[in-house]
Amino acid sequence: MLALTPVQWFVVGVLGLLYVITCLRVAMLARRLGRKPVAWFFITLFFTAIPAVAVLCRRSKQPSNEPDESATTCPHCRQLISRAELNKAAAVTRCPRCGMAFDDEVRPA
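To start, this report covers the structure provided alongside it. (Residues numbered from 1 in each chain as written. Predicted model: local features only at pLDDT ≥ 70, side-chain atom pairs only at ≥ 80, totals over all residues. Heavy atoms only, no water.)

Further remarks concern the overall build of the protein. For the protein, the count of helices and strands is four helices and two strands. Taken from the N to the C terminus, the helices and strands of the protein come in the order α-α-α-β-β-α. Burial statistics for the protein: of 109 residues in total, 14% are counted as buried. Of the contacts made within the protein by residues no fewer than 6 positions apart, 18% connect residues no fewer than 24 positions apart. About 9100 Å² of surface is accessible on the protein, with carbon and sulfur atoms providing 64% of the total. (Helix = DSSP H or I, 4+ residues; strand = E, 2+ residues; numbered from the N terminus. Buried < 20%, exposed > 50% of the residue type's maximum accessible area, 1.4 Å probe, protein only. Contact = heavy atoms within 4.5 Å. Areas by Shrake-Rupley, 256 points an atom, 1.4 Å probe, with all protein chains shown as cover.)

Another point: the packing of helix α1 (residues 6-32) against helix α2 (residues 37-47). Where α1 contacts α2, the axes come no closer than 8 Å and their chain directions differ by 145 degrees. Where α1 crosses over α2, the handedness of that crossing is right-handed. The segment α1 lies against α2, with Tyr19, Val20, Cys23, Leu24, Val26, Ala27, Ala30 and Arg31 engaging Pro37, Trp40, Phe41, Thr44 and Leu45. (Axes fitted to C-alpha atoms, helices over the stretch in contact; angles between N-to-C directions. Left-handed = near helix turned anticlockwise from the far one by under 90°.)

A cluster of nonpolar side chains, contributed by Val7, Phe10, Val11, Val14, Leu15, Leu17, Leu18 and Ile21, occupies part of the molecular surface with about 760 Å² of accessible area. Examined against the element boundaries, Ile21 turns out to sit in helix α1. Under the relative-accessibility criterion, Ile21 is labelled partly exposed at 39%. (Patch = residues over 30% accessible without salt bridge, like charges linked within 9 Å, V, L, I, M, F, W, Y side chains within 5 Å. Salt bridge = Lys/Arg side-chain N within 4 Å of Asp/Glu carboxyl O.)

Another point: the side chain of Thr44. With respect to the element layout, Thr44 can be found in helix α2. We classify Thr44 as buried; its relative accessible area is 11%. Polar contacts involving the side chain of Thr44 include one to the main-chain carbonyl oxygen of Trp40, which spans 2.8 Å. Other than its neighbours up to four places away in sequence, Thr44 contacts Tyr19, Cys23 and Val26. (Polar contact = N/O pair within 3.5 Å; in protein donor to acceptor, adjacent residues only side chain to side chain.)

Right, let's talk about α1 for a bit. When the terminal C-alpha atoms of α1 are compared, their 39 Å separation across 27 residues agrees well with the 39 Å that a helix rising 1.5 Å per residue should span. Residues Cys23, Ala27 and Ala30 constitute the buried set of α1. Buried residues in α1 make contact with α2. Directly after α1, the chain includes Gly34, whose backbone phi takes a positive value near 85 degrees. (Expected span 1.5 Å × (residues − 1).)

Once that is clear, we can look at the packing of aromatic side chains. Within this structure, the stated rule accounts for two aromatic pairs. Residues Phe41 and Phe42 carry aromatic rings whose centres are separated by 5.1 Å and whose planes lie at 85 degrees to one another, so their mutual orientation is edge-to-face. Under the relative-accessibility criterion, Phe42 is labelled partly exposed at 40%. Ring centres of Phe42 and Phe46 lie 6.0 Å apart, and the angle between their planes is 15 degrees; on these two criteria the pair is classed as stacked. (Phe/Tyr/Trp six-rings, centres within 6.5 Å; stacked < 30°, edge-to-face > 60°.)

All we've got here are geometric facts, nothing functional implied.
Dropping the structure here:
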């Protein structure tokens, strides 16, 4: 179940109402153009919801800014550097981002 506050549920309800009103407007336009309004209502209702559901349900591809145990921070540029990046070369002595020399505690073991 979604854990939303009452205000958030209100916003969801208002957006849902606006969505149904938009579907009704498309149906009225279809009727004026001599098309089947019920069919166009459901076409609008279901097919415009597919992209919305896809966007809402997909996971973010942006990297997290939270450091993990396999990352370290450059003392000069403060950028996160993965241990895998540091271990690519046996004797990494410089930050791959800013080029400044590492202190002893930053170098890979």
